[in-house]
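Descriptive structure summary
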Amino acid sequence: MLKQRIITAVILAPLAIAGFVLLEGPWFALFVGAVVVLGAWEWARLAGETAQKGRVLYALVVALMMFALYRLGLPVHYLLIPAAVWWVLAAVMVVRYPRDKGLWASCMVAQLLGLLILLPAWAGLVWLREVPNGLWLIVALLVLVWAADIGAYFAGKTWGRRKLMPNVSPGKTIEGFLGGLVFTQLLTLLALLYLGWSLSSLLIGLFGAALVVTFSVVGDLTESLFKRDQGLKDSSNLLPGHGGVLDRIDSLTAAIPVFALFWLLIGSQVG
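These notes cover the structure that comes with them. The structure displayed is predicted, hence computed values, not measured ones.

The next point concerns the pattern of salt bridges. The final tally for this structure, using the stated rule, is four salt bridges. Arg162 is the salt-bridge partner of Glu175, the closest N and O atoms lying 3.1 Å from each other. In this pair, Glu175 sits in helix α7 (residues 174–195) while Arg162 sits in the loop between α6 (134–159) and β1 (163–165), placing the two residues 13 residues apart along the sequence. Arg162 gets classed as partly exposed once you look at its relative accessible area, which sits at 49%. The salt bridge partner of Asp220 is Lys172, with a shortest N-O separation of 3.2 Å.

For the structure shown, the criterion picks out seven aromatic pairs. Ring geometry for Phe20 versus Phe31: centroids 5.8 Å apart, planes at 85°, classification edge-to-face. Taken together, the positions of Phe20 in helix α1 (residues 2–22) and Phe31 in helix α2 (residues 25–46) put the pair eleven residues apart, joining distant regions of the chain. Site record: aromatic cluster; members linked through ring pairs are Phe20, Phe28 and Phe31. The ring of Phe28 carries Arg129 above its face, with NZ or CZ at 5.9 Å from the centroid.

All right, on to the nonpolar core then. Membership of the largest hydrophobic core comes to 70 residues, with the highest contact counts inside it found for Trp43, Val62, Trp87, Trp122, Leu128, Leu141 and Phe226. For this core, the elements supplying multiple residues, two or more each, are α2, α3 (52–72), α4 (77–96), α5 (107–130), α6, α8 (199–230) and α9 (245–266). Tallying contributions element by element places α5 first for this core, with 13 residues. Apart from residues no more than four positions distant in its own chain, Trp87 is found in contact with Leu116, Ile117, Phe215, Val218, Gly219, Thr222, Thr253, Ala254 and Pro257. Leu192, Leu202, Leu206 and Phe262 belong to the second largest nonpolar core, which has seven residues in total.

Scoring rules and cut-offs
- Residues numbered from 1 in each chain as written.
- Predicted model: local features only at pLDDT ≥ 70, side-chain atom pairs only at ≥ 80, totals over all residues.
- Heavy atoms only, no water.
- Salt bridge = Lys/Arg side-chain N within 4 Å of Asp/Glu carboxyl O.
- Helix = DSSP H or I, 4+ residues; strand = E, 2+ residues; numbered from the N terminus.
- Buried < 20%, exposed > 50% of the residue type's maximum accessible area, 1.4 Å probe, protein only.
- Phe/Tyr/Trp six-rings, centres within 6.5 Å; stacked < 30°, edge-to-face > 60°.
- Lys NZ or Arg CZ within 6 Å of the ring centre and 35° of its normal.
- Core = buried A, V, L, I, M, F, W, Y, C linked by side-chain atoms within 4.5 Å.
- Contact = heavy atoms within 4.5 Å.

Right under this line is the structure:
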């Protein structure tokens, strides 16, 4: 398993880096869209679609919707605001699981929820790439999410005692979550001090980082909820040693729209 994970990472990491750094405009939208289409194919399975034909059809619908949204040039907040509302509701779903399961358990409802997960994440990333210093904003977002995972892992291993959401993800602990949060706050503080942000901007930045990290955990737990509900360990086996695409980007599906909406609202006011 470790060998498979390493080989897959060695192959995919350079491709991902090249895509983020070298591609812009429609090519970047297509690049991210390809990843989202694979995620849509997996999501249909998590939503309860067992037929391969149905899963492919769902992925095709998501691809066509992304194409239409890009061609229409719909303002990004039309997607980011509903996404923010959804992720708050998702947090409630995670906390209350398995209660209220009947509200979202049908395949059709779960597939509609998948649109709120996948499309805003795609739109938010495409929008971030186009704003001034967009590539660095994306790097900051990725570092936040990855650092939260690293901090949570080590804090959980060292001090983890109390389960965060045992009904959804038994491996996560409250101590791990807090460790990831503290670690990312320290990194954010150092980065913003280096950039010379004013005190008010720095406080806003720290709040935004905490918000993004918290919702990245909600994204992770939401996918875990649907996997648990379907009795699945991984979203697919597309990435040997890593599971599926959604298993790698579940945190980002929530973190991206929250980060993008936050920057849309306050980006011109900080610094």
